[in-house]
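Listed below are the residues making up each chain.
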Amino acid sequence: MGLDTPNKKPHDRLAELLSEDMGGVNALIRERMASKHAPRIPEVTAHLVEAGGKRLRPLLTLASARLCGYEGPFHVHLAATVEFIHTATLLHDDVVDESSQRRGRPTANLLWDNKSSVLVGDYLFARSFQLMVEPGNLRVLNILSNAAATIAEGEVLQLTAAQDLKTTEEIYLQVVRGKTAALFSAATEVGGVIAGVPEEQVQALFTYGDALGIAFQIADDLLDYQGDSSATGKNVGDDFRERKLTLPLIKAVARASDEERAFWVRTIEKGDQRDGDLEHALELLNAHAALEDTRTDALAWAEKAKDAMTELPQSELRDLLIDLADFVVARLY
């Protein structure tokens, strides 16, 4: 099957096009997740790293660097850095969320324990900083270290915002930039920086990654209320049951009558959920067009990502990145 096979997903086609570079990233990840003194580290890391996953973030770094004509070796180091940061945050997230499954397999905290997950996550963060220093580019170091701080900040903000009905769309966006978009935008931006392209192209790559990450997360939050659980791997209404104030709920709460607001206070703020509450929540979301408006927002962010790509040179890689922006919201049609 050729690279232009239309029924292949854009990230699969990206992976094919960048397979040699990705092989280098995987080899570097295996080498750097080793530990002479603590065998628990590679055990835990391998469980997560080898669980599959799309490796979308490192692919974005490789694609951005190649799109900008980079021919040196360090895009591989930066892609591995991005994957280590991502893996570290997953290990920590699963402890915070008390998760027992990720990508259809038991989580590391379930197989080992919370202490191992947190400490191995710390080790991977440390490894990521060692890797990001190696290209010797201070701006790259600045972008990736800022992303790591933004991710942590977003996670802490989510702790306080998730069940607070005063949470606005602006705060939601800040959380999304932390938990998803910050690493997407750092992944694309460093590709342009390492290639030494003009500033407007670096900015375009940042804008693409930021908008792609936001579209991706909004789509995910919308699918929680109207997705096909066999396709999403989540049950419809999981976010409601877990009392997560995502964009559809934020829109519905902002438009609620006093009676409706009392329902949201009981179910989300107080966590007093009863039979039939999810169905009523869905009725309110539909009555206030919260789902439709959330979908419109996701599509608008995907368009912003695509528009940013017009600053970059025309190529197969650029077309694939544009297709990827379409793909993250194609599930919403």
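The model shown is predicted, which means the values in this text are computed figures rather than measured ones.

## Details of the confidence of the model for the protein
For the protein, per-residue confidence averages 88 on the pLDDT scale, and 89% of positions sit at 70 or higher. Per-residue pLDDT, averaged within each element of the protein, yields its smallest value for helix α11 (residues 229-232) (56) and its largest for helix α16 (residues 290-308) (97). Of the regions scoring below 50 in pLDDT, residues 1-5 engages in eight contacts with residues more than four places distant in sequence or in other chains.

## Examining empty space enclosed by the protein
Under the defined criterion, the tally for this structure stands at one cavity of 30 Å³ or more. The computed volume of the largest cavity comes to approximately 130 Å³. If you trace the largest cavity, you find 13 residues lining it, with Gln158, Tyr172, Val175, Leu245 and Thr246 closest to the centre. Counting only elements with at least two residues in the lining of the largest cavity, the list comes to α8 (138-161), α9 (169-195) and α10 (199-226). Of the residues forming the lining of the largest cavity, the biggest block, four residues, is contributed by α9. A class-by-class count of the residues in the lining of the largest cavity yields six nonpolar, four polar and three charged.

## Some thoughts on the nonpolar core
One broad rule of soluble globular proteins: the nonpolar side chains tend to lie buried together. Grouped together as the largest cluster of nonpolar side chains are 99 residues, with contacts concentrated most on Leu60, Tyr208, Leu212 and Trp264. It is α10 that provides the largest number of residues to this core, a total of 14 residues. With residues near it in sequence (within four places) discarded, leucine 212 still touches Leu60, Phe184, Ala305, Leu324, Ala325 and Val328.

## Quick word on α10
Taking 1.5 Å as the rise per residue, α10 with 28 residues should run 40 Å; its terminal C-alpha atoms sit 40 Å apart, in good agreement. The element α10 is largely enclosed, with a buried count of 22 among its 28 residues.

## Some points on the environment of threonine 168
Counting through the fold element by element, threonine 168 comes out in the loop between α8 and α9. Classification of threonine 168 as partly exposed rests on a relative accessible area of 36%. The sequence separation of threonine 168 and alanine 254 amounts to 86 residues, and the corresponding C-alpha distance is 8.3 Å.

## Points about helix α14 (residues 258-269)
Residues of α14 that are buried: Glu260, Phe263, Trp264, Arg266, Thr267 and Ile268. Mapping the buried residues of α14 onto a view down its axis gives an arc of 165°, with all of them on the same face. Those residues of α14 that are buried are in contact with α12 (238-241), α13 (247-254) and α15 (277-287). Taken from the residues just after α14, glycine 271 is the one with a positive phi, measuring 75°.

## Re the pattern of salt bridges
One pass over the structure, following the stated rule, counts 21 salt bridges. For arginine 55, the salt bridge goes to glutamate 83, with nearest N and O atoms at 3.3 Å. Pair noted here: arginine 55 is in the loop between α3 (40-49) and α4 (56-67) and glutamate 83 is in helix α5 (residues 74-96), with a separation of 28 residues, a long-range link. On the basis of relative accessible area, arginine 55 is assigned to the buried category, the value being 16%. Here glutamate 242 and lysine 244 are joined by a salt bridge, their closest N and O atoms 3.1 Å apart. Within the structure, one salt-bridge network assembled from shared partners comprises Glu31, Arg32 and Glu134.

## Let's talk about the side chain of threonine 61
Tracing the backbone through its elements, the reader meets threonine 61 in helix α4. For threonine 61, a relative accessible area of 1% translates into the label buried. Among all residues touching threonine 61, those that are not within four sequence positions of it are His75, Leu78, Ala79, Val82, Ala187, Val190 and Gly191.

Thresholds, definitions, all that
Residues numbered from 1 in each chain as written. Predicted model: local features only at pLDDT ≥ 70, side-chain atom pairs only at ≥ 80, totals over all residues. Heavy atoms only, no water. pLDDT = per-residue confidence, 0-100. Helix = DSSP H or I, 4+ residues; strand = E, 2+ residues; numbered from the N terminus. Contact = heavy atoms within 4.5 Å. 1 Å grid on protein atoms, 1.4 Å probe; cavity = no way out; pocket = protein on both sides within 12 Å on 5 of 7 lines; lining within 4 Å. Points joined across faces, edges and corners; volume = space filled by probe spheres on them. Nonpolar A, V, L, I, M, F, W, Y, C, P; charged D, E, K, R; others polar. Core = buried A, V, L, I, M, F, W, Y, C linked by side-chain atoms within 4.5 Å. Buried < 20%, exposed > 50% of the residue type's maximum accessible area, 1.4 Å probe, protein only. Expected span 1.5 Å × (residues − 1). Arc of directions from axis to C-beta. Salt bridge = Lys/Arg side-chain N within 4 Å of Asp/Glu carboxyl O.

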